[in-house]
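Commentary on secondary and tertiary structure
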Amino acid sequence: MEWRLWCVVICVTLPAAANAQSTAERIPVPASVLGFEIGADRKLADWEEITSYLALLAEASDRIELDTLGTTTLGHPFIALTISSPENLAKLDAYREIQRKLADPRLVETELEAAELIAEGRAVVLITGGIHSTEVGGYQFPMRLAYHLASREDDTTRRILGEVILLLVPSLNPDGSQMVVDWYRSSLGRPWEGEGPPFLYHHYVGHDNNRDWYAFTQKETRLAVTRLHNAWHPQIVHDIHQMGSQGPRFFVPPWTDPIEPNVDPLLVAGSNAIGTAVAWEMYGEGKTGVVVNAIFDAWTPARAYQHYHGGVRVLTETASARLATPIVMPFDSLAAGRSIDPRVSSWRFPEPWRGGEWHLSDIVDYMEAGALAVLKQAALYRERWLRNFYRIGLRSIGGGQDWPAAFLVPAEAQNPDGLVELLRILVTGDVEVRTARSSFVANERRYAAGTYVIPLAQPYSRFAKTLLEVQIYPDLREYPGGPLRTPYDATAHTLPLMMGVEVFALDELPEVALSEPISLPVHKKEASGLSGDGNSRLAVYEPWTAAMDAGWTRWLLDEYGIGYEQLRDADARAGNLRSRLDAIILPDVSPDELMKGFEADKMPPEYVGGLGAAGVRGLEEFVREGGTLIAFNRASGLLIDEFDLPLTDVLADLERLDFYIPGSILRLNLDRDHPLAAGMPARTMAWFERGLAFEPRDDAGTSVEIVGRYGSEDELLLSGWLNGPEHIAGHAAVAVVRHGRGRIVLFGFRPQYRGQTVATYPLLFNALRQATVGR
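The structure contained in this document is the topic of the report that follows. (Residues numbered from 1 in each chain as written. Predicted model: local features only at pLDDT ≥ 70, side-chain atom pairs only at ≥ 80, totals over all residues. Heavy atoms only, no water.)

**Focus on the packing of helix H11 (residues 265-284) against helix H13 (residues 382-398)**
In the contact formed by H11 and H13, the axes pass within 9 Å of each other and the chain directions differ by 155°. Compared by their axis directions, H11 and H13 come out roughly antiparallel. Along the contact surface, H11 presents Pro265, Leu266, Leu267, Gly270 and Ile274, while H13 presents Trp385, Asn388, Arg391, Ile392 and Arg395. Residue classes in the contact of H11 with H13 are distributed as six nonpolar, two polar and two charged. (Axes fitted to C-alpha atoms, helices over the stretch in contact; angles between N-to-C directions. Helix = DSSP H or I, 4+ residues; strand = E, 2+ residues; numbered from the N terminus. Parallel < 35°, antiparallel > 145°, perpendicular 65-115°, else oblique. Contact = heavy atoms within 4.5 Å. Nonpolar A, V, L, I, M, F, W, Y, C, P; charged D, E, K, R; others polar.)

Next up, the structure:
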């Protein structure tokens with residue numbers, strides 16, 4: 001009997017084993033193509049090598065399809081893999097249609113049909129890596145994950161492939177993936193090996209590309225949203241990042257409070273469930289130092305598109321090495337950070353990592369373990385994910401308690417650029433925007449035909465609502481009556497304020513016929529007298545320390561077709577700037593960073609140092625000879641100090657516990673008689689984050705002109721959160737200082753914040769126009 005059982009087992013399993021062998025043989029191992037193991041010390045695959053390997057893998061495997069979704073800002077291919085069983089891949093159109101119906105319950109006629117769709121559908125998981133290019137594990141590990149899913153024959157892999165459709169984006173920033181690898185290879189064996197590059201790793205926005213998930217300013221964001229999120233409506237989005245080296249080894253939700261109130265509670269519960277399950281599984285595999293419910297919140301949609309589109313965002317953060325160079329991190333060198341001490345165990349951090357060497361291979365191992373744990377949960381609870389996804393859609397089209405019925409956006413008497421941007425954002429985010437076919441009356445006001453109407457009885461009402469309403473960030477304390485718990489990130493995202501557009505909420509739908517949903521609006525951006533000027537005498541100063549605000553400034557100027565040159569430290573130190581320039585923009589960079597730049601041995605010699613005394617002399621000479629220097633935010637402080645301007649920053653000596661604004665929208669009152677405020681309303685907004693507030697000194701005389709002031713204390717905060725309003729209320733926010741024959745325009749805020757504050761663009765454009773008067 002024992003022999004017969006053994007024979008049966010052999011007879012049954014031999015064909016499967018043979019099949020497994022043939023599958024493994026035809027799938028290329030990464031090392032056979034790359035020439036090294038993924039995660040090897042000091043070895044990184046660049047974007048060309050990554051795409052070449054994944055193309056070979058897709059060609060060899062019937063479980064993988066590779067698609068090029070478009071090209072990036074600098075022309076690299078933006079790719080995505082679809083990974084599932086061959087049977088599922090053969091029916092992708094049918095599964096996409098199921099997703100479309102479950103995402104929009106208006107398309108489902110009965111609960112029986114919904115149950116059938118849920119039973120038949122597959123859980124769709126989107127895994128994205130590489131958005132931050134110095135977090136190198138994020139675009140190295142996808143090759144290994146794809147290889148394992150293509151080659152393994154175990155029950156867990158087969159179940160994942162059968163129950164899940166995986167959309168795998170190896171890099172959300174292919175340009176940066178190439179740049180950073182090129183830079184790292186050039187640094188090997190040098191004193192600066194492992195340092196980040198002396199340039200932005202996204203052509204325009206650097207690290208801020210992960211703050212673009214509601215504004216969609218960048219090409220890569222739009223490709224991911226339109227070709228993946230909106231096309232597939234994933235239930236789970238696993239967003240893979242790295243964090244600092246001295247804290248936990250790995251973060252996964254639950255999030256810390258606060259959760260933005262428009263995120264559906266079912267999503268919050270789903271995020272809690274999958275995050276704790278992932279942590280449990282990783283601890284079971286011997287991976288210590290995994291933390292939940294620490295550091296990161298879920299407040300802003302800038303980092304969480306899917307939270308407003310029916311799916312959970314599973315952010316994971318793995319501790320970093322020095323790019324691909326290993327580090328040694330003794331246990332006693334680990335340091336307490338935001339809400340967590342990595343040396344102390346707790347319910348959310350049961351087993352600290354004991355310190356030691358930390359390699360890229362460790363990073364890749366943790367990342368793959370986390371991704372496989374997410375996929376296992378998606379496969380195990382496929383029907384629950386689909387059922388809850390459908391329920392979230394039902395709740396969205398039903399509206400929430402105390403929600404308005406609709407938002408109205410008049411088409412007339414609006415900031416034209418701001419109106420188009422607001423509509424573009426909503427339509428890109430799959431929000432249905434309609435127009436009134438005739439005039440109508442609502443809330444005792446008559447609205448013209450063509451008024452835009454956004455009913456909230458639609459699947460993505462939560463996205464519309466969070467962007468169109470004012471944010472009230474909660475006052476959180478470390479314990480009741482205790483010290484403030486300051487926000488992790490920006491606290492406001494109210495589009496009407498940032499765009500300079502009036503929007504009205506209605507408690508009832510207007511009684512008027514509406515159009516079909518509008519298409520994506522098309523609008524040419526143009527700044528009168530500036531756009532298309534081929535003889536522009538403008539420069540944007542850009543330090544080698546990779547200033548994101550400089551990149552955003554370049555992006556804005558390129559969007560409006562305004563010519564400029566890039567000014568580096570050596571150019572400023574060389575002087576003679578007035579001979580070729582009328583205006584120079586200093587972006588938001590700290591005075592210390594502007595002056596000092598990189599230290600010796602941290603970078604190649606050509607990138608060391610900042611402006612220094614010689615650069616300051618060059619800039620001051622430029623102004624005294626008739627040039628215009630325009631400074632944003634913290635850069636204004638440098639000019640006040642180094643040029644001894646007759647102003648003071650009234651916020652300069654305040655501690656965070658006395659005054660702090662992490663990113664909020666404040667009232668800005670303008671002097672409309674001043675040329676810088678030409679064409680602007682008297683009352684607008686200012687985006688404030690690490691900014692300044694000015695007051696002229698007694699010796700200022702007529703050399704200082706105040707263009708705008710922050711609002712009084714009772715009107716100051718328009719959206720978000722602030723601590724210590726009395727310190728900033730009523731003080732100057734925009735000032736012009738006469739200096740020699742030239743002028744200095746000081747902004748205490750960023751008028752072009754992340755390509756979103758259209759309302760304050762005219763202040764910058766007017767400053768540039770004034771710089772050319774009389775040329």
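**Examining empty space enclosed by the protein**
For the coordinates displayed, the defined rule picks out four cavities of 30 Å³ or more. Considered as a void within the structure, the largest cavity measures approximately 110 Å³ in volume. Taken together, Thr128, Leu172, Trp213, His229, Val237, Asp239, Arg303, Ala304, Tyr305, Gln306 and Arg313 make up the lining of the largest cavity. Taken together, the residues of the lining of the largest cavity sort by class into five nonpolar, three polar and three charged. Roughly 80 Å³ of internal volume is contained in the second largest cavity. Every residue lining the second largest cavity is counted, 14 residues in all, and those nearest its centre are His309, Gly310, Ile392, Ser396 and Pro459. For the lining of the second largest cavity, the leading source of residues is H13, giving four residues. Of the residues in the lining of the second largest cavity, the class split is seven nonpolar, five polar and two charged. (1 Å grid on protein atoms, 1.4 Å probe; cavity = no way out; pocket = protein on both sides within 12 Å on 5 of 7 lines; lining within 4 Å. Points joined across faces, edges and corners; volume = space filled by probe spheres on them.)

**Brief notes about the pattern of salt bridges**
Per the stated rule, a full pass over the model turns up 46 salt bridges. Salt-bridge contacts for Glu193 lead to Arg42; the nearest nitrogen and oxygen are separated by 2.7 Å. Here the residue Glu193 occupies a position in the loop between helix H9 (174-187) and helix H10 (219-232), and Arg42 occupies one in the loop between helix H2 (30-34) and helix H3 (47-60), the gap between them amounting to 151 residues. Since its relative accessible area comes to 39%, Arg42 is described here as partly exposed. The closest approach of N and O atoms between Asp264 and Arg462, which form a salt bridge, is 2.9 Å. Pair noted here: Asp264 is in the loop between strand E7 (256-259) and H11 and Arg462 is in helix H15 (residues 461-468), with a separation of 198 residues, a long-range link. For Asp264, a relative accessible area of 0% corresponds to the buried category. Each of Asp104, Arg106, Glu432 and Arg434 takes part in a single network of salt bridges with overlapping partners. (Salt bridge = Lys/Arg side-chain N within 4 Å of Asp/Glu carboxyl O. Buried < 20%, exposed > 50% of the residue type's maximum accessible area, 1.4 Å probe, protein only.)

**Structural notes on helix H21 (residues 634-642)**
All buried positions along H21 are accounted for by Ala635, Ser636, Gly637, Leu638, Leu639 and Ile640. Contacts made by the buried residues of H21 are with strand E21 (583-586), helix H19 (591-596), strand E22 (628-632), strand E23 (647-649), strand E26 (694-696) and strand E30 (742-747). Once H21 finishes, Asp644 follows within two positions and takes phi at roughly 50°, a positive value.

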